[in-house]
Amino acid sequence: FHQCDSSYFISVINVCLFSSGQIGSYFGSVLQTVDVDMDSYTDLLLVGSPMYMGSERDEQGQVYVFKLNKDGKFEPEMTLKPEPQACANNIAIKNEPCGARFGTAIAAIPDLNLDGWADVVIGSPLENDHRGAVYIYHGNKQKTLKEKYVQRIAAGGDGKKVKFFGQSIHGIMDLNDDGIIDVTIGGLGGASLYWSRDVAELHANMTFNPRKINLQQPSCEEPDKNACVKIKTCFSYKVKSDKGTNLTTVIRYGLLLDSLRSSPRGKFIRTDLKSLLVNINISITDALCTEHTFYMLDEPDFRDPIMVSLDFGLADPDNGPVMDGNLPTSINKTIPLVDCGNEDICIADLHLTATPSRTSMFIKANQEKFNVSIYVKNSKDHAYNTKVSLSYSENINYVKVESISGVNRNTVCQPNNTRVVCAVGYPFLKANTEEAFRIHFEVNPAHVRKDISIHVVATTDSEESESTLHDNQVHITLPVVYEARLKFTATKYMKEENIVIKEGETFPSVFNHTSAIGDEMKVSYTIEKEANVEIPDLRLTVKYPQTSPYKNMLLYLTHVSSSEGVNCRTDNLINPLQIHPESPHKPTPKKESLSQYLVSCSQLECRSFSCYLPSANINQVNITLRLWKPTFVRAEYSTVSMTVHGELKNLNTELFVLSKNNDARLVKVQVTKTSLSGIPLWIIILSILIGLLLLALVIFALWKFGFFRRKSMEEMKEEMRDD
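Looking at an unreviewed UniProt entry, one finds the protein chain named Integrin alpha-1 and attributed to Clupea harengus. UniProt annotates the protein chain under Subcellular location (unreviewed entry) with the comment "Membrane". The UniProt entry for the protein chain carries this comment under Sequence similarities (unreviewed entry): "Belongs to the integrin alpha chain family."

Here it is as structure tokens:
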């Protein structure tokens, strides 16, 4: 306040500004401060927004909780909401509002559950078809509220005489002088007074005698029982209110053996069952202790200790005090099984040896396997519940276990993700005995690492001196190299597989576009990984013959393209002469002799460029080359073939190796030159003359042998007379 001329003016400073984010939600219509720790300083500010629309466009309502920070400013802490409410038919017909209007009334109650922290009650008068309800929230030591309500009180009746239960709330006074604050809840047509019930604390403890079960030491008073255990349960009871009148009460508790097993290993002598239930009176002045005995069945399972579960609570929860919800109502304890003769403690000494079948791994396929041979020896007392645990890296999977001991034992192993636990010599590993088994693994191709890591540990429930624990674990590391599982292909696209150049064929005198150079050849390089496996980053190098020994052009690179992520460095190799309509090129090839040997990269300085290929499902590089036609028109040759080389290089040699089948791809282009006029004339004439000469020689030979001689008339007459 500022004083000026005997008049007072109020100076208002806007420190914080909050909103519900929804127009018409009546945010701020209800405000309530809460001193949670009851130290006379405000801790929370609750802001009601009772007409906040829910998802069904009904007035569900919300309450926003703001907490005072160290700077003295409120900051959002949480938002409290009611149980979702549906709109009943009779409400919709009457055109009355639906929902809950949670937050219509908010009251801070000093302490309902006597835990030393203030509580809050929030009204929701439109719930249950306008009958109404209230929600109770407990404070906690963090000076805030538990976000989940601890109790919801719904209005009774038919909603006609009294409705809108929860539209007003009052909770400051102890009306029945029992030391606990009571709550009054108002509605349209009446109000209800609720007595607060006292809060009881019930503490329990459970001990065993003996602490361990030794089957070789009879401990039962019953003649037909061997090993027995006495369970001692002790309870203490008190109420929190200063004027508490509930000095005694009846509690109920139950005991259960081997609760996690369907078949128990022990039974109670009293009931001959695995469980029992007891009701008993208890007073706030004295602690209560009881004893119950159970016996062990014959040939019990030693895999794990026996679990004993104790559940306890008030016998009549609907009357008298209520249990403190912050205290446990059950206890679980275990009793280990031992067998060390007359001694009370088993002291074992385990020796572990683990040897892999391979010292390193070269992984070619998913089926790569190896094994680890494990030897466990116990040189002292029986080692109960002996286990060997193998924790391994994610790049291998457990396959199976096989025994390699002289005695045929069935070692049981339980895998779980990257860990497998094997029970050895169950139920115990005898003194001075050894068990051996072999664990088989296979490679997991989904994970790639530079090594395989396996950590082997032997443990037992028996005691073991710290001085002998050094040989209870072994760490195995196997270096790993993977064969890159990929498919590398090079595909050639041409109109004709064999380019034919005719004798005397011409070529354009000027090239004003690369399409005029000569025949086009496209090559597509594809690198695709197999299945769902990782491959390394790669480098593709493409090499091709560009010029002949006489510096004539052979193959001319016109275009290079690639898939996403691939980076090619072609420098000035693409269209090096910059041929285009504005810059034409006049070819002047020199006449030379070409051969297969002269156009190979072993004799020429072939041009090359490289492309970086990241690890991906598929990478592709496409190149376009053109045959420099003037060179092959002027040159002398019969047939020549030129080779385009595509070579892959592995950029991660630490982890991967490329197979010989995937390191290179060759693409060839063949050029043939034919004579324009066909067979020369002189060859034709010479062939005719030689043919005529051969014909004359044949005729002369036939004449010489009388082939053309005819019979005379005298010879013919003589033959007729003879006939």
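So, next bit.
S.K.: Can you help me understand the overall build of the protein chain in this one?
M.R.: Across its full length, the protein chain holds five helices and 47 strands. For the protein chain, the proportion of its 723 residues judged to be buried stands at 41%. Counting only contacts in the protein chain whose residues sit at least 6 apart along the sequence, the fraction spanning at least 24 positions is 71%. Summed over its atoms, the accessible surface of the protein chain is roughly 40,500 Å², and 51% of this surface lies on carbon and sulfur atoms.

S.K.: It is not clear to me how the sheet that holds strand β21 (residues 306-314) should be interpreted in this structure. Could you clarify?
M.R.: The strands making up a sheet are joined through hydrogen bonds of the backbone, oriented either antiparallel or parallel. Spatial ordering of the open sheet is given by β19-β17-β21-β23, a layout of four strands whose pairing is antiparallel. Only two strands of the sheet have a single neighbouring strand rather than two, namely β19 (275-283) and β23 (330-335). Between one strand axis and the next, the sheet turns by 20° as a mean value, whatever way the strands run. Looking at chain direction, strand β17 (residues 248-257) and β21 are connected through seven bridges and run antiparallel. Paired with L257 across the strands is V308, a residue of β21.

S.K.: Hey, could you run me through the layout of surface pockets in this one?
M.R.: In this approach a probe as big as a water molecule rolls over the atoms, and the regions it shows empty are the leftover space. Computed from the structure, the largest pocket encloses a volume of approximately 610 Å³. As for the largest pocket, its lining consists of 22 residues, and the residues nearest its centre are L112, I136, H138, Q151 and V322. If you list the elements that add at least two residues to the lining of the largest pocket, you get β9 (133-137), β10 (151-154), β12 (183-188) and β22 (322-323). Split into classes, the residues belonging to the lining of the largest pocket amount to 13 nonpolar, six polar and three charged. Both domain 1 (30-87 + 96-196) and domain 2 (200-338) contribute no fewer than three residues apiece to the lining of the largest pocket.

S.K.: I keep staring at the state of the cysteines and nothing clicks. Help me out?
M.R.: Every disulfide links exactly two cysteines, by a covalent bond between their sulfur atoms. All chains considered together, the criterion is met by five disulfides. In this model, C220 is linked to C228 through a disulfide, with the two sulfur atoms separated by 1.3 Å. Judged by the sign of its S-S torsion, about 95°, the cystine formed by C220 and C228 is right-handed. Across a sulfur-sulfur distance of 2.1 Å, C234 and C289 are joined as a disulfide pair. Across the S-S bond linking C234 and C289, the dihedral sits near 115°, which makes this disulfide right-handed. Taken together, the residues span a long stretch of sequence, with C234 in strand β16 (residues 228-239) and C289 in strand β20 (residues 288-296) at a distance of 55 residues. Residue class for C289 comes out partly exposed when judged on its relative accessible area of 41%.

S.K.: Just to check I follow, could you spell out the nonpolar core for this structure?
M.R.: Grouped burial of nonpolar side chains is what soluble globular proteins tend to show. By size, the foremost hydrophobic cluster in this structure holds 81 residues, and its most contacted members are I374, F441, I454, I623, F632 and V644. A total of five residues in this core trace back to one element, the largest contributor, which is strand β36 (residues 473-483). Viewed by domain, this core spans two of them, domain 3 (347-484) and domain 4 (486-674), each represented by three or more residues. Setting aside anything within four residues of it in sequence, one finds F632 in contact with I501, L554, L594, L627, Y637, V640, M642, V671 and K673.

S.K.: Honestly, the domain arrangement of the protein chain in this entry has me stumped. Any pointers?
M.R.: If you check the domain split of the protein chain, you get domain 1 (30-87 + 96-196), domain 2 (200-338), domain 3 (347-484) and domain 4 (486-674). Here the C-alpha centre of domain 4 lies 81 Å away from the C-alpha centre of domain 1.

S.K.: So what exactly am I meant to see when it comes to the environment of E497 here?
M.R.: One can find E497 in the loop between β37 (486-493) and β38 (498-502). Separated by 368 residues in sequence, E497 and D129 have C-alpha atoms that sit 87 Å apart. Sequence-distant contacts of E497, that is, excluding residues within four places in its chain, are made with K492 and Q670. Reaching out from E497, the side chain makes a polar contact with the side chain of K492 at a distance of 3.2 Å.

S.K.: Before we go on, may I ask you to explain the packing of aromatic side chains in this structure?
M.R.: Given two aromatic rings, one states the distance between the centres and the angle between the planes to describe the pair. All chains considered together, the criterion is met by 15 aromatic pairs. Ring centres of F102 and Y135 lie 5.3 Å apart, and the angle between their planes is 85°; on these two criteria the pair is classed as edge-to-face. You can see F102 sitting in the loop between α1 (89-93) and β7 (106-109) and its partner Y135 sitting in strand β9, a full 33 residues away along the chain. On the basis of relative accessibility, which here comes to 0%, the residue F102 falls in the buried class. With centroids separated by 5.2 Å and ring planes inclined at 70°, the aromatic side chains of Y392 and F441 adopt a geometry described as edge-to-face. Highlighted residues: Y392 in strand β29 (residues 387-392) and F441 in strand β34 (residues 433-443), separated in sequence by 49 residues. On the basis of relative accessibility, which here comes to 6%, the residue Y392 falls in the buried class. Under the relative-accessibility criterion, F441 is labelled buried at 0%. Among the aromatic residues, those joined into a cluster by ring pairs are F102, Y135, Y137 and Y149. Here K225 stacks its cationic end above the ring of Y295, 4.7 Å away from the centre of that ring.

S.K.: Would you explain the pattern of salt bridges in this entry?
M.R.: Where charged atoms of side chains with opposite charge meet at close range, the side chains can pair. Evaluation of the coordinates by the stated rule reveals 17 salt bridges. Here the salt bridges share partners, and the residues they tie into one network are E201, K238, K240 and D324.

S.K.: Help me out: how do you make sense of the sheet that holds strand β45 (residues 639-650) in this one?
M.R.: An order of β38-β47-β45-β40-β43-β42 is seen for the six strands of this open sheet, with the pairing classed as mixed. The open sheet has two edge strands, β38 and β42 (567-569), and neither has a second partner. Mean inter-strand twist for the sheet, computed between neighbouring axes without regard to direction, equals 20°. Alignment of β38 against strand β47 (residues 664-674), held across five bridges, turns out to be parallel. What sits directly across from V500, in β47, is T672.

S.K.: Sorry if this is basic, but what is going on with the UniProt feature "repeat: FG-GAP" (unreviewed entry) in the protein chain here?
M.R.: UniProt's entry tags residues 14-75, 88-146 and 151-211 with the feature "repeat: FG-GAP" (unreviewed entry), counted in the numbering of this structure. Helix makes up 0% of residues 151-211 and strand 56%, and the two end C-alpha atoms of the span are 42 Å apart.

Rules of the game
- Residues numbered from 1 in each chain as written.
- Predicted model: local features only at pLDDT ≥ 70, side-chain atom pairs only at ≥ 80, totals over all residues.
- Heavy atoms only, no water.
- UniProt positions renumbered as here; feature names shortened; annotations may be inferred.
- Helix = DSSP H or I, 4+ residues; strand = E, 2+ residues; numbered from the N terminus.
- Buried < 20%, exposed > 50% of the residue type's maximum accessible area, 1.4 Å probe, protein only.
- Contact = heavy atoms within 4.5 Å.
- Areas by Shrake-Rupley, 256 points an atom, 1.4 Å probe, with all protein chains shown as cover.
- Pairing = 2+ DSSP bridges.
- Axes fitted to C-alpha atoms, helices over the stretch in contact; angles between N-to-C directions.
- 1 Å grid on protein atoms, 1.4 Å probe; cavity = no way out; pocket = protein on both sides within 12 Å on 5 of 7 lines; lining within 4 Å.
- Points joined across faces, edges and corners; volume = space filled by probe spheres on them.
- Nonpolar A, V, L, I, M, F, W, Y, C, P; charged D, E, K, R; others polar.
- Domains from an automatic or database assignment.
- Disulfide = S-S within 2.5 Å.
- Core = buried A, V, L, I, M, F, W, Y, C linked by side-chain atoms within 4.5 Å.
- Polar contact = N/O pair within 3.5 Å; in protein donor to acceptor, adjacent residues only side chain to side chain.
- Phe/Tyr/Trp six-rings, centres within 6.5 Å; stacked < 30°, edge-to-face > 60°.
- Lys NZ or Arg CZ within 6 Å of the ring centre and 35° of its normal.
- Salt bridge = Lys/Arg side-chain N within 4 Å of Asp/Glu carboxyl O.

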